[in-house]
Amino acid sequence: MFALCDGNSFYASCERVFRPELSHAAIVCVSNNDGCVVTRTAEAKRLGIKMGQPLFQIRHFIEQGKLVAFSSNYELYADLSRRMMQSIASLVPAIEVYSIDECFCDVNGMPNLIGLGHQIRERVLMWVGIPTCVGIAPTKTLAKFCNHLAKKYQAHFNGVLVWSDLPKERQLKAMASEAVDEVWGIGRQIGKRLQEQNIRTVLDFYHANTAMIRSQFGVVLERTQRELHGIACESLIVHEENRQHIVRSRSFGKCVNEIEALQAAVTHHIADAAAKLRAQGTQAHTVGVFIHTNRFKASDEQYFNRRHAILPMASANTLLLNHTAQMVLKHIFRPNLAYKKCGIELGGIESAESGVQQDLWLTSATEKSIHLMDVWDQIHAKFGKGRIKLGSELLSSDWLMNRDALSPCFTTRFSDLLQVT
């Protein structure tokens, strides 16, 4: 048995934790550079605000005092997510963190599942302040579907739904009431293709010919259908697998023309990716850089380029990776263009303990490098991320995101701690 625990309107709920006066306010959180709506509360939905809607289209609601908008505060959301997952993990044998706001739980053999679901909700709300919904079922796909129903009909189910508690006729009725793209793993494009086969509801997909599903859509969708029938095809992934490819990128708050801004951004992304390599005990063989102009400004000259460099020996050294990335950047940079985004890619990732043949002439330098990076990571662990930066990251701040409505980092920055007087 699996439970799927999901934070309701998670980003907005995080903003409400330290602002109880907004508990019934219409709230949206917007994407990088205050672009589009990525989270909206039920009150915001009632205003007719759509997911992905540009912020400038709903500013009149803000000016009228009907809506509160926040820039995405990723530092705050990540910390509250960690606290939420720890709270859930204290009640179940194991969890699989699926995204920042949801996790699967192993509840196999546990008694009183409906009571457990309510206990999870109460603990997360008490310990973290985040409202949640819980779906419990024999498979991950059904648990996800139960969570959707528990959230959609929260007043009826009180935020918790156990699939096996529903009679068979009610299960079929629930499937018939939902569109097929509400099934976990069926996106918009696959949903359209299924509708062309007259498979419009979850129940249609449940009753569809399995051989046809496999031949036209592949084995992955066949497994999804089997999971709807209660046949578990996906197990709980307790330990995160090491990433084989790491990408870091970000759109700029404004277009930049100078290479110094690109160099600063590349350095920032390399430092973050290299830290991820070391955290998972891996190293990379290739370093890539890509840059491009604003494709939404058709009047500007458009340019995009990407290039990779192969390292003579795999490394997780921030200094070496950044040196290589800067060389690649200089090779693809073209002056007098307005750049909107850049990013880096680390590939050829392997275990740092894989016993790869070492370079005869670089052995001592490699040992010093490992020690230096250990100290680097220890400082960040003790004093916080970004306490040490390479000089090239300070060349320019023009590339930073616009976050004009950013809330304080209440739990991750001493200067933002609430004060009680």
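Residues numbered from 1 in each chain as written. Predicted model: local features only at pLDDT ≥ 70, side-chain atom pairs only at ≥ 80, totals over all residues. Heavy atoms only, no water.

Engineer: Looking at this structure, I do not really get the overall build of the protein chain. What am I missing?
Structural biologist: The helix and strand tally for the protein chain stands at 15 helices and 13 strands. Against the globule reference of 22 Å for 421 residues, the protein chain gives a C-alpha radius of gyration of 24 Å, in line with a compact fold. Its C-alpha atoms give the protein chain principal-axis dimensions of roughly 70 × 55 × 50 Å. Considering the protein chain as a whole, with its 421 residues, one finds that 46% of them fall into the buried category. As presented, the protein chain carries roughly 22,100 Å² of accessible surface, and 52% of it is formed by carbon and sulfur atoms. Positive and negative side-chain charges in the protein chain, numbering 47 and 41 respectively, have mean positions lying 4 Å apart. (Helix = DSSP H or I, 4+ residues; strand = E, 2+ residues; numbered from the N terminus. Rg over C-alpha atoms; globule rule 2.2 N^0.38 Å. Buried < 20%, exposed > 50% of the residue type's maximum accessible area, 1.4 Å probe, protein only. Areas by Shrake-Rupley, 256 points an atom, 1.4 Å probe, with all protein chains shown as cover. Lys, Arg positive; Asp, Glu negative; His and termini not counted. Charge placed at Lys NZ, Arg CZ, Asp CG, Glu CD.)

Engineer: Teacher, can you tell me more about helix α14 (residues 318-332) here?
Structural biologist: Note: α-helices contain 3.6 residues per turn, so residues at a spacing of three or four share the same orientation. Helix length check: α14 (15 residues) gives 21 Å between terminal C-alpha atoms against 21 Å at 1.5 Å per residue, within 8%. Those residues of α14 that sit buried are Thr318, Leu321, Asn322, Thr324, Ala325, Gln326, Val328, Leu329 and Ile332. Of the residues that open α14, the one with a side-chain oxygen 2.7 Å from the backbone nitrogen of Leu319 is Asn317. (Expected span 1.5 Å × (residues − 1). Polar contact = N/O pair within 3.5 Å; in protein donor to acceptor, adjacent residues only side chain to side chain.)

Engineer: Is there a simple way to explain the sheet that holds strand β6 (residues 102-106) in this structure?
Structural biologist: Sheets are built from strands paired through backbone hydrogen bonds, the pairs being either parallel or antiparallel. Strand order in this open sheet of 5 strands is β5-β6-β1-β7-β8, and the pairing throughout is mixed. Since the sheet does not close on itself, it has two edges, and those belong to β5 (94-99) and β8 (160-162), each with one partner. The mean inter-strand angle of the sheet, taken between neighbouring strand axes irrespective of direction, is 15°. Of the pairings in the sheet, the one linking strand β1 (residues 2-7) to strand β7 (residues 132-137) comprises 6 bridges and is antiparallel in character. Within β7, the position partnered with Phe2 by the bridge is Ala137. (Pairing = 2+ DSSP bridges. Axes fitted to C-alpha atoms, helices over the stretch in contact; angles between N-to-C directions.)

Engineer: Could you clarify how one ought to interpret the sheet that holds strand β3 (residues 37-40) in this entry?
Structural biologist: Read across the sheet, 3 strands follow the order β3-β2-β4 without closing on themselves; strand pairing throughout is mixed. The open sheet is flanked by β3 and β4 (68-71), the only strands paired with a single partner. The sheet shows a mean angle of 25° between the axes of neighbouring strands, direction not considered. Examined bridge by bridge, strand β2 (residues 27-30) and β4 share 4 bridges and lie parallel to one another. Residue pairing in the sheet places Cys29 in a bridge with Phe70 of β4.

Engineer: Could you clarify how one ought to interpret the packing of aromatic side chains in this entry?
Structural biologist: Enumeration over the complete set of coordinates arrives at 9 aromatic pairs. Measuring from centroid to centroid gives 4.3 Å for Tyr11 and Tyr77, while their planes differ by 20°, and the two rings are stacked. Taken together, the residues span a long stretch of sequence, with Tyr11 in helix α1 (residues 10-17) and Tyr77 in helix α4 (residues 74-89) at a distance of 66 residues. The exposure classification of Tyr11 matches that of Tyr77, with both residues buried. Considering the side-chain rings of Phe18 and Phe410, the 4.4 Å spacing of their centres and the 25° angle between planes classify their relative orientation as stacked. (Phe/Tyr/Trp six-rings, centres within 6.5 Å; stacked < 30°, edge-to-face > 60°.)

Engineer: Where do I start with the side chain of Arg16 in this structure?
Structural biologist: Position of Arg16 relative to the elements: it lies in helix α1. When residues no more than four places from it in sequence are discounted, the contact partners of Arg16 are Leu22, Ser23, His24, Ala25, Ile27, Thr41 and Glu43. (Contact = heavy atoms within 4.5 Å.)

Engineer: Help me out: how do you make sense of the packing of helix α13 (residues 259-279) against α14 in this one?
Structural biologist: Each packed pair of helices is defined by two parameters, the angle between the axes and the distance between the axes. Following both chains from N to C, one finds α13 and α14 inclined at 145°, their axes separated by 9 Å at the closest point. Viewed along their axes, α13 and α14 form a crossing whose handedness is right-handed. Residues Ile259, Leu262, Gln263, Val266, Thr267, Ile270, Ala271, Ala274, Leu277 and Arg278 of α13 pack against Thr318, Leu321, Asn322, Ala325, Gln326, Leu329 and Lys330 of α14. When its residues are assigned to classes, the contact of α13 with α14 shows 10 nonpolar, 5 polar and 2 charged. (Left-handed = near helix turned anticlockwise from the far one by under 90°. Nonpolar A, V, L, I, M, F, W, Y, C, P; charged D, E, K, R; others polar.)

Engineer: In this structure, what is going on with the pattern of salt bridges? I would like to understand it.
Structural biologist: Side chains that differ in sign of charge can pair as their charged atoms come close. Per the stated rule, a full pass over the model turns up 17 salt bridges. The partner of Asp416 in a salt bridge is Arg413, with the nearest N and O atoms 3.2 Å apart. For Asp416, a relative accessible area of 18% gives the class buried. The class for Arg413 is partly exposed, based on a relative accessible area of 38%. Among the charged side chains, a network of salt bridges with common partners joins Asp79, Arg82 and Arg83. (Salt bridge = Lys/Arg side-chain N within 4 Å of Asp/Glu carboxyl O.)

Engineer: I would appreciate a short explanation of the environment of Ile62 in the present structure.
Structural biologist: Here Ile62 is to be found in helix α3 (residues 59-63). On the basis of relative accessibility, which here comes to 29%, the residue Ile62 falls in the partly exposed class. Counting along the chain gives 235 residues from Ile62 to Lys297, while the straight-line C-alpha distance between them is 27 Å. Other than its neighbours up to four places away in sequence, Ile62 contacts Leu55, Leu67 and Ala69.

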